[in-house]
Amino acid sequence: QVQLTESGGGLVQAGGSLRLSCAASGFTFSRYGLGWFRQAPGKEREFVAAVAWSGQNTYYADSMKGRFTISRDDAKNTVVLQMNNLKSEDTAVYYCAAQRPPIVRVRDPYEYAYWGQGTQVTVSS
């Protein structure tokens, strides 16, 4: 019954914005840390951003810092990734992930137990 479903991907020109959402069900969402990862064709899965279960701490990859914002809405069982000033190199499939704390390495995809199927983000120049 555990499900994570991403939405909001699409085609956008460089410099534009997209807002990705991830809807979760089947687990106690508010007690889980959440992350966004991405994977481009032929590339390793890459950390994008994460937010602690409490919402007190957020984490970002250096290349996304200042452009992307992660947030969570426990009342709606959703985690959002707001992406601004998109670049061509942001093109990838974006995945949301969840893991019950403690999470020792929040930037490590292997730390996360639950994953969505991904949503495609394509940034054209």
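If you're wondering where the values come from, they're calculated on a predicted model, not measured in any experiment.

A. Quick peek at the side chain of Arg38. Take Arg38: it is sitting in strand β4 (residues 33-39). In this structure Arg38 comes out as buried when scored by relative accessible area, which is 6%. Among the polar contacts listed, one links the side chain of Arg38 to the side chain of Asp90, at a separation of 2.8 Å. At 2.9 Å, the side chain of Arg38 and the side chain of Tyr94 are in polar contact.

B. Spatial organisation of the pairing of β4. Burial of β4 is extensive: six of the seven residues sit out of reach of the surface. Both β4 and strand β9 (residues 92-99) contribute to a ladder of seven bridges, which runs antiparallel. Paired with Gly33 across the strands is Gln99, a residue of β9. Note that β4 and strand β5 (residues 46-51) share five bridges and pair antiparallel. Bridging across to β5, Trp36 finds its partner in Ala49.

C. Broad picture of the side chain of Glu6. Within the secondary structure, Glu6 is located in strand β1 (residues 3-7). Buried and without a salt bridge, Glu6 has Arg45 as its closest oppositely charged side chain, separated by 8.7 Å. In this structure the side chain of Glu6 is engaged in a polar contact, spanning 3.1 Å, whose partner is the backbone nitrogen of Gln117. Those residues in contact with Glu6, other than ones at most four positions away along the chain, are Ser21, Cys22, Trp36, Tyr94, Tyr95, Cys96, Gly116, Gln117, Gly118 and Thr119.

D. Representation of the pattern of salt bridges. Using the criterion set out here, one finds six salt bridges in the structure. A salt bridge links Glu46 to Arg38; its shortest N-O distance comes to 2.8 Å. Exposure remark for Glu46: the relative accessible area of 32% places this residue in the partly exposed category. Where Asp90 meets Arg38, a salt bridge forms, and the shortest distance between an N and an O atom there is 2.8 Å. Of this pair, Asp90 sits in the loop between β8 (78-83) and β9 while Arg38 sits in strand β4; the two residues are 52 residues apart in sequence, bridging distant segments of the chain. Within the structure, one salt-bridge network assembled from shared partners comprises Arg38, Glu46, Arg67 and Asp90.

E. Structural view of the state of the cysteines. Tallied over the full model, the rule gives one disulfide. Linked covalently through their sulfurs, Cys22 and Cys96 form a disulfide whose S-S length is 1.9 Å. Taking the torsion about the S-S bond as the criterion, the Cys22 to Cys96 disulfide, at about 50 degrees, is right-handed. Note that Cys22 is positioned in strand β3 (residues 18-25) and Cys96 in strand β9, a separation of 74 residues in sequence. Judged on exposure class, the residue Cys22 and its partner Cys96 are both buried.

So, how was this worked out
Here, residues in each chain are numbered from 1, in the same order as that chain's written sequence. In view of the model being predicted, local features appear only for residues whose pLDDT reaches at least 70, and side-chain atom pairs are presented and counted only at 80 or more, with totals across whole chains, interfaces and linings using the full set of residues. Heavy atoms throughout the structure, all of them, feed into the side-chain values; hydrogens and water do not. Going along the chain from the N terminus, every DSSP run of H or I of four or more residues is numbered as a helix, and every run of E of two or more is numbered as a strand. The classification of residues rests on relative accessible area computed with a 1.4 Å probe and restricted to protein chains. Under 20% of the type maximum is buried, over 50% is exposed, and intermediate values are partly exposed. As used in this structure description, the phrase polar contact means that two N or O atoms lie within 3.5 Å; if the pair is within protein, one of them must be able to donate a hydrogen and the other to accept it, and residues adjacent in sequence are counted only when both atoms belong to side chains. Strands were regarded as paired on the criterion that DSSP finds at least two bridges between them. Charge assignment in this entry is limited to Lys and Arg as positive and Asp and Glu as negative, and neither His nor the chain termini are counted. Salt bridges are identified by distance alone: a Lys or Arg side-chain nitrogen within 4 Å of an Asp or Glu carboxyl oxygen. The contact criterion used throughout is that any non-hydrogen atoms of two residues lie within 4.5 Å. Disulfides are defined as cysteine sulfur pairs within 2.5 Å.

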